[in-house]
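# Commentary on secondary and tertiary structure
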Amino acid sequence: MTVQDRVERERRVRELVSAAGYGPDEQVVLGLDDGEITTVATHESFGPHTVAYTASVSKQVTGACLALLVRRGALALDDPLIRWLPELPAWATRIRLRHLLVHSGGLPSQEQAWQAIRATGQVDWTTPGVLAMLGTVARVEAPGQIHGYCNLGYVCLAEAAARAAGGPLPVFARRELFAPLGMDATVLWPGPDPAPPGARALPDGPAPLTLGDGGMWSTVHDLLRWNRAMHSDALGVAAVLHTAGRLEDGTSVPYAMGVGLRTYRGHPLHSHGGAWPGLTAKLVRVPATGRSLAALALADGVERMVSLTDALTDLLVNPTGARPA
């Protein structure tokens, strides 16, 4: 890419940020990787090396941890949840880890969980709080039968992974994922402080302190490294990580191990978004070409983030810039 091409690419990206509805005072940082990396930040103080919360983008890291543990024989995706979380009620015998990976565990919604947790006087979303709340749940809905996005399942998966690994998940992830991939700024963070040292705090209050459903703090620079590792299968688990899940009746679901599977203008994509008050995030990979993008915004508005990243995906799948009809 020539200097002129790079300048034109950055200009086009800034136009797309504005067209998606982000104002001049909102902080957005983007990275495009089409063989060469282009990063664009709307503010100097929030750039490609700024550490920020990634919300549900974290789920594919949880999936990768589980995939590594499965490959080593430390656990199996058909294990009942109660094997790893024996403190849960008897319904956990009917839920398999694979159900939770593709959001078919039948657990309560996050809204129901929040109400139950706050009724105890807690104000933070933590793994111990979520597990204690699940201990009071009397029944779950038909595990393996219905696909319905559920953060609680990924909290359970992260705890199961930690127990199978024999130690804290942040330590396992650092040793087995982040360090080998050169993701030096990335951490899983369970607290007790609201954010890791040196990270950008969220503008609208603290981030959750659970692992699994969230918990990862990273940079656009590191997230692009993650995308490249998924394309090259640097961890040796890419195939299983991107294999669509199935319900018990054989119905395929557009979700793998923490990775959404979709098609955009005829191109298969591996993607996942994340959102929390004051933060939106998105990763997109185009597996056929090895191109990808990463986006972080200290701003609300999932619709704006989807609009922006779809437009950026157009640049990846159609480098000439002409939008298909």
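Residues numbered from 1 in each chain as written. Predicted model: local features only at pLDDT ≥ 70, side-chain atom pairs only at ≥ 80, totals over all residues. Heavy atoms only, no water.

## Points about the nonpolar core
Within the largest apolar cluster, 85 residues are counted, with the highest numbers of intra-cluster contacts made by Leu107, Leu134 and Trp226. The biggest single contributor to this core is helix H7 (residues 151-165), with ten residues. The next biggest cluster of nonpolar side chains, apart from the first, holds 24 residues, and it includes Leu16, Val40, Ala299 and Leu308. (Core = buried A, V, L, I, M, F, W, Y, C linked by side-chain atoms within 4.5 Å. Buried < 20%, exposed > 50% of the residue type's maximum accessible area, 1.4 Å probe, protein only. Helix = DSSP H or I, 4+ residues; strand = E, 2+ residues; numbered from the N terminus.)

## Overview of the side chain of His99
Inspection of the secondary structure puts His99 in helix H4 (residues 97-101). When its relative accessible area of 4% is taken as the criterion, His99 is described as buried. Here His99 is in contact with Arg94, Ser104, Gly105, Pro143, Gly144 and Glu248, once residues within four sequence places are set aside. (Contact = heavy atoms within 4.5 Å.)

## Quick word on the sheet that holds strand S5 (residues 216-218)
Judged by pairing direction, the sheet is antiparallel, and its three strands sit side by side in the order S3-S5-S4 without closing on themselves. Each of the sheet's edge strands pairs with one partner strand only, and the pair in question is strand S3 (52-53) and strand S4 (187-188). Of the pairings in the sheet, the one linking S4 to S5 comprises two bridges and is antiparallel in character. From the neighbouring strand, Val187 faces S5, where its bridge partner is Trp217. (Pairing = 2+ DSSP bridges.)

## Considering the packing of aromatic side chains
Scanning the entire structure with this criterion turns up two aromatic pairs. On the basis of an interplanar angle of 55° and a centroid distance of 5.3 Å, the ring pair of Tyr53 and Trp217 is categorised as tilted. Of this pair, Tyr53 sits in strand S3 while Trp217 sits in strand S5, and the two are 164 residues apart along the sequence. Trp217 matches Tyr53 in its accessibility class, with the two residues each being buried. With 6.5 Å between their ring centres and 80° between their planes, Tyr149 and Tyr255 make a pair best called edge-to-face. Residue Tyr149 is found in the loop between helix H6 (127-134) and H7, and its partner Tyr255 is found in the loop between helix H10 (238-241) and strand S6 (260-264); the two are separated by 106 residues along the sequence. Note on Tyr255: relative accessible area 5%, which makes it buried. Note that Lys59 overlies the ring of Tyr154, its terminal NZ or CZ placed 5.7 Å from the centroid. (Phe/Tyr/Trp six-rings, centres within 6.5 Å; stacked < 30°, edge-to-face > 60°. Lys NZ or Arg CZ within 6 Å of the ring centre and 35° of its normal.)

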